[in-house]
Amino acid sequence: MLYEMEREKSGFLELMKEGPLMAPCVYDCVSARLVEQAGFRAMCLSGGELAASLCGFPDIGLVTLDELIGAVERIASCTHIPMIVDIDTGFGNEMNLIRTCKRVAKAGAKAVHLEDQTFPKRCGHLRGKDVISYEDFMGKVEAASFALKGTGCALIARTDSYHVLGLEEAIRRCNGAIRGGADITFVEGTSTIEDIKEVGRRVKGPKMFAMASAGASPKVSLQEAYEWGYGLATMHYTMAGALMGMTEYGKQCYDSMSDIPVTEDPRVDSSPMYLFELFGIHEWLKLGSRFNKKITDAEEAKSGVSPKIRKGNEE
């Protein structure tokens, strides 16, 4: 997005006051722009999906802080909706965490979510997790809250203790995190409707729920989660849905050996111009023409149409 056209992004707490807020997970500039274009008011940079798309790694804490910062900067520079950024365990102890929070907020995050797993961490919907002590988690929450003061970036305190130490400890950690300065809390992987409702009733302050397809939690609607006390929900379907849809369509074309070109998926506009317009090609070229009259707008070369040939030394 053009820097001169940038406008201030709203914060998550403000948006949550307006009603239930859905933040689909994104992993690069294309997915972020598509989420924004679809009309969502927020998004979440998924640590697991970033690891897969950027590095080809599973979600076990292998992405570096610099790689994360680069992704945050790129996505924030081309979108207008606020972004949650998954910072895993904070890339170290309390001192490392302070630096992580400050850098991620400066890069463009409007919220971060910090978890209480030991390192190396793993996806919250996998078995074999372990968590740090209650006291250590509270110390990290307080350090993150200190680092984010005045940045406009909210702190989401996530606990993975539910599958390790049980529901009561998860609730205890969330309420302790609110007292320690967290703005929003998140219990990862609640596996029953009853426990989801219990967290909603007993945990103080704003709460987040993660809608993960085929994950540890049962499927619930955004409206149900909101009625049970959750004002923010993330949706981990973006990458899997896009890839599965694309692969399924391509396989159908191949299996049937039909005469439908694979590039002509009737569900999407797959032309190059669609992608370029998504990222503001006309606005960029218009800006450039202010300083160089030789820069003109772009139009798509159509199949079956002969190109226009420049004659001589046209200037």
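Keep in mind that what you see is a predicted model, and the values were worked out from it rather than measured.

The rules we used
- Residues numbered from 1 in each chain as written.
- Predicted model: local features only at pLDDT ≥ 70, side-chain atom pairs only at ≥ 80, totals over all residues.
- Heavy atoms only, no water.
- Buried < 20%, exposed > 50% of the residue type's maximum accessible area, 1.4 Å probe, protein only.
- Helix = DSSP H or I, 4+ residues; strand = E, 2+ residues; numbered from the N terminus.
- Arc of directions from axis to C-beta.
- Pairing = 2+ DSSP bridges.
- Axes fitted to C-alpha atoms, helices over the stretch in contact; angles between N-to-C directions.
- Contact = heavy atoms within 4.5 Å.
- Polar contact = N/O pair within 3.5 Å; in protein donor to acceptor, adjacent residues only side chain to side chain.
- Salt bridge = Lys/Arg side-chain N within 4 Å of Asp/Glu carboxyl O.

Participant: What exactly am I supposed to notice about helix H9 (residues 193-202) here?
Facilitator: Residue pairs spaced three or four apart in an α-helix point in one direction, given the helix's 3.6 residues per turn. Restricting attention to buried positions, one finds in H9 the residues Asp 195, Ile 196, Val 199 and Gly 200. In a view along the axis of H9, the buried residues occupy a sector of 140 degrees, so they form one face of it. Residues of H9 that are exposed and point more than 90 degrees away from the buried face comprise Glu 194 and Arg 201.

Participant: Would you take a moment to explain the sheet that holds strand S7 (residues 207-211) for this structure?
Facilitator: In a beta sheet, neighbouring strands are held together by backbone hydrogen bonds and run either parallel or antiparallel to one another. Reading around the circumference, S1-S2-S3-S4-S5-S6-S7-S8 is the order of the eight strands in this closed barrel, with parallel pairing throughout. Neighbour-to-neighbour, the strand axes of this sheet turn through a mean angle of 25 degrees, independent of strand direction. In the packing of helix H8 (residues 167-179) onto the sheet, contacts are made with strand S5 (154-159) and strand S6 (184-187), and the angle to S6 comes to roughly 165 degrees.

Participant: Hey, could you run me through the side chain of Thr 159 in this one?
Facilitator: Within the fold, Thr 159 resides in strand S5. On the basis of relative accessibility, which here comes to 1%, the residue Thr 159 falls in the buried class. A polar side-chain atom of Thr 159 sits 2.7 Å from a polar atom in the side chain of Ser 161. Ignoring any residue separated from it by four or fewer positions in sequence, one finds Thr 159 in contact with Asp 116, Ala 170, Arg 173, Cys 174, Phe 186, Val 187 and Glu 188.

Participant: Please clarify how the pattern of salt bridges should be interpreted in this entry.
Facilitator: If charged atoms from side chains of opposite charge come close, those side chains can pair. Tallied over the full model, the rule gives 16 salt bridges. A salt bridge links Asp 160 to Arg 158, with the nearest nitrogen and oxygen atoms 2.8 Å apart. For Asp 160, a relative accessible area of 0% gives the class buried. Across the pair Arg 173 and Glu 169 runs a salt bridge whose closest N-O atoms are separated by 2.8 Å. Taken together, the residues span about one helical turn, with Arg 173 and Glu 169 both in helix H8 at a distance of four residues. Taking the relative accessible area as the measure of exposure, Arg 173 reaches 2% and is therefore buried. What makes Glu 169 buried here is its relative accessible area of 14%.

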